[in-house]
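As a plain string of letters, each chain reads:
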Amino acid sequence: MTGRHDPGAPRRPDATFAGHRDASDYAAAVARFLSGDGPTPIPVWVGDRTDLTASIGAAERLYRISPHAATAADVHIVRPQQFPDALRDMIHALPSAPGRRSPTTVGLYQDLRFGDRTAWGRDQAQASGAEPAVFLTGRDVHSLSWMVAKQWAEPDELSGELVVTDLDHRPALGGAEWVDPDDIARGDRIQILREGPWRRVLLHGNGQDDSLNLGRHTICGRRQGAYEPNGYGPSCHFGQGCYKPERGLIPVGSIPAGSLTLLNCFSGPSGRLATYHDDYQLLLAAVDGPARSIVVTSTACDAGRPEIQAWLDHPGDPATAMNQSVTDANPYPVFFQCGTETTPATVPTGAANPGPAGPSHKTPAAGETGQSGSLAERIRTLSARSIAIGRSGLVPENHPIATELADLDRFLSAISVRDALRDPDLTRLHREQCDAKTAALDARIARSLFTESAISRFPTFFGDRSTVQPGPMKQAPPCPCGEPASVFVRLPVPAPLVPVSQTVCDRCGDIENAMLGAPEVRVRGPRRMRKGETAEIAVELTATPGTVPIAGLGLRASLRAQVRPTACRVAIDQQGCGTAHFELAVSSETRAQAEYLLPFAVNDLAVNVGRFHLLVEPDTK
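Residues numbered from 1 in each chain as written. Predicted model: local features only at pLDDT ≥ 70, side-chain atom pairs only at ≥ 80, totals over all residues. Heavy atoms only, no water.

(A) Representation of the overall build of the protein chain within the structure. The helix and strand inventory of the protein chain stands at 15 helices and 32 strands. The proportion of buried residues among the 621 residues of the protein chain is 53%. Across the protein chain, contacts joining residues at least 24 apart in sequence account for 73% of those joining residues at least 6 apart. Carbon and sulfur atoms provide 50% of the accessible area of the protein chain, an area that totals close to 25,700 Å². (Helix = DSSP H or I, 4+ residues; strand = E, 2+ residues; numbered from the N terminus. Buried < 20%, exposed > 50% of the residue type's maximum accessible area, 1.4 Å probe, protein only. Contact = heavy atoms within 4.5 Å. Areas by Shrake-Rupley, 256 points an atom, 1.4 Å probe, with all protein chains shown as cover.)

Below you can see the structure in the form of structure tokens.
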């Protein structure tokens, strides 16, 4: 595609970009380009990177050379001594982005620290400039040279915007071409993603740092080329093939878009916190492709329809807009932007709108169950949790647990009459009956949590119907991976639900999701295991002294392994602590890839489901 030519304007070069293998040729081309002496393509130092040469060819139909701006951008280069003078000259002369005031940080991927700090300190870090809101990066100096070169280009009359979502089943939002889950399932419209060219594309699905799932299709971050044999990668790294049908793979670098937003968890963690080797990172593969701007998530997030609307409304600064939108679900910055937009930024600089306020709730102390209080308090606590699990829509009405909870509700209603509560003999009897019924239900719930089930999905179900409790996040004990952790509370909007606390780690995402009053859960065990290996996993509980909650170790559906026992009761001592020990045997038939265990605890219908990340490695046979 070519733009309209003004006969009075200076003659445009035949190509927008020119790749140079030799450093001296690149330096000479940079000098010519920056001098403005005649029509000169934007120089790129590709070295021996044939993949970058192919990307330059693919990008020709997307861009034209942007006029040299009167003012240069405010840039900060991390470890500038690594780069040749010519590349530093290209960086320092970058044109300022319209409406952008904050500096742009430039550096190699392994040297940047976006999203790499405690969640509760990110706002302060961004305000001080210690953490980049906008950055330019690459896997090596050649990728960075390409990303810098794209900032000198502007979209060549691209107007189309595309949203592809595998999670939003509601009617399409206006303002963009829309591909929904039904379209993806039929497979009749997904190919428009690769046709383009598009001015902006947003992809919305589940995934992690190497891939984004769109039904049978997978947006893939695998680099075509040499691989680091000592690095850790997904199953394809170990010769096991892709975990999804390979005919549905779409390399992220093949998407013809000027701006690309990857709306899935961990689509762009910083190098120190990434699960997989650089050769599999979605962000780096997108940098090597044609997109001049890429918006990614540094950790787990709960972004959805409101963030898609923010993306549509604010094309000039989508990362800031989506961070402001998502604060009612994730009270910390999640989105970071690699590259700049050509549309002026219009996002307000004031405080984010936290969304509708939830009902006022007292926040119980961790492990509080009401067992030591009056029978009336215990009935009140159990009734709220029973309704939240059995009658909120979390589980179907005909689900066996919902049926048993309905029986409990009727019993609690019968024993809550005033005369019964004031009769000491009846109160003692009813408390014993209440304990027995609740213990049986706890066991039933625990059995359902061994595998991913309707009840184990309560964090998402409740979270989608809640808002974050106002106030600062609190620091929690460190994650088992060693990174700092923080905790916040989500308050439900509809009455049938209960508050949920979420503990988050920058590397692992959410590591605990607990109904308030549930035991706290921490895990000790190896973070790497080989196929066929067996290890002991300890689940440590913190709860009300004298209680006997159930602890267990659940399995993700993709992990083939055995756990013995699957769950057990744990006596909590007078210090409020108790430990359960489990034997985990990883099958030799499972895939070598990143997995996670699902440690859980149940007490008095209060459920806590955590995540313990585990890297499964090939066996040595």
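Picking up where we left off.
(B) Broad picture of the sheet that holds strand β6 (residues 134-136). Strand order in this open sheet of 9 strands is β4-β5-β6-β17-β16-β15-β10-β8-β9, and the pairing throughout is mixed. For this open sheet the edge positions go to β4 (75-77) and β9 (177-179), each flanked by a neighbour on one side alone. For this sheet, the mean angle separating the axes of adjacent strands, direction not counted, is 20 degrees. When strand β16 (residues 293-297) meets strand β17 (residues 335-338), the two strands line up antiparallel, connected through 4 bridges. Directly across from Val295, in β17, lies its bridge partner Gln337. (Pairing = 2+ DSSP bridges. Axes fitted to C-alpha atoms, helices over the stretch in contact; angles between N-to-C directions.)

(C) Region of the structure containing the nonpolar core. Grouped together as the largest cluster of nonpolar side chains are 69 residues, with contacts concentrated most on Phe17, Leu203 and Ile219. For Phe17, the residues in contact, after removing those within four places along its chain, are Pro41, Ile42, Val44, Ile56, Ala59, Glu60, Tyr63, Trp146, Ala149, Lys150 and Ala153. Counting residues in hydrophobic clusters, the runner-up holds 36 residues, among them Ile379, Leu394, Leu441 and Met515. (Core = buried A, V, L, I, M, F, W, Y, C linked by side-chain atoms within 4.5 Å.)

(D) Representation of the environment of Ser293 within the structure. Mapped onto the fold, Ser293 is located in strand β16. With 157 residues separating them along the chain, Ser293 and Leu136 place their C-alpha atoms 9.1 Å apart. What Ser293 contacts, discounting residues up to four positions off in sequence, is Met147, Gly258, Ser259, Leu260, Gln337, Cys338, Gly339, Thr340 and Glu341. Within the structure, the side chain of Ser293 is placed 3.5 Å from the side chain of Gln337, a separation counted as a polar contact. (Polar contact = N/O pair within 3.5 Å; in protein donor to acceptor, adjacent residues only side chain to side chain.)

(E) Main features of unusual backbone geometry. With an omega of 0 degrees, the peptide bond running from Gly196 to Pro197 counts as cis. Checked against the element boundaries, Pro197 lands in the loop between α7 (192-195) and β10 (198-204). The residue after Arg564, namely Pro565, is reached through a cis peptide bond having omega -20 degrees. Tracing the sequence through the fold places Pro565 in the loop between β27 (561-564) and β28 (567-569). Here Arg79, not a glycine, exhibits a phi torsion of approximately 50 degrees, which is positive. Within the element layout of this structure, Arg79 appears in the loop between β4 and α3 (85-92). In the Ramachandran plot, Asp604 falls in the positive-phi region, its phi being about 50 degrees despite a non-glycine side chain. Mapped onto the fold, Asp604 is located in the loop between β30 (594-603) and β31 (606-610).

(F) Region of the structure containing the environment of Gly231. Inspection of the secondary structure assignment puts Gly231 in the loop between β13 (217-220) and β14 (249-251). What makes Gly231 buried here is its relative accessible area of 15%. Taking the C-alpha atoms as reference, Gly231 lies 7.6 Å from Tyr276; in sequence the two are 45 residues apart.

(G) How the structure looks around the packing of aromatic side chains. For the coordinates displayed, the defined rule picks out 12 aromatic pairs. For the pair Phe17 and Tyr63, a centre-to-centre distance of 6.1 Å together with 85 degrees between the ring planes defines the contact as edge-to-face. Taken together, the positions of Phe17 in strand β1 (residues 17-20) and Tyr63 in strand β3 (residues 63-65) put the pair 46 residues apart, joining distant regions of the chain. There is no split in this pair, since Phe17 and Tyr63 are both buried. Seen from their ring centres, Phe458 and Phe462 are 5.8 Å apart, and the 65 degrees between their planes marks the pair as edge-to-face. Pair noted here: Phe458 and Phe462 are both in helix α15 (residues 458-463), with a separation of 4 residues, about one helical turn. Like Phe462, Phe458 is buried. What links up through ring pairs into an aromatic cluster is the set Tyr109, Phe114, Phe135 and Phe336. Geometry around Tyr596 places Arg611 over its ring, the cationic atom sitting 4.5 Å from the centre. (Phe/Tyr/Trp six-rings, centres within 6.5 Å; stacked < 30°, edge-to-face > 60°. Lys NZ or Arg CZ within 6 Å of the ring centre and 35° of its normal.)

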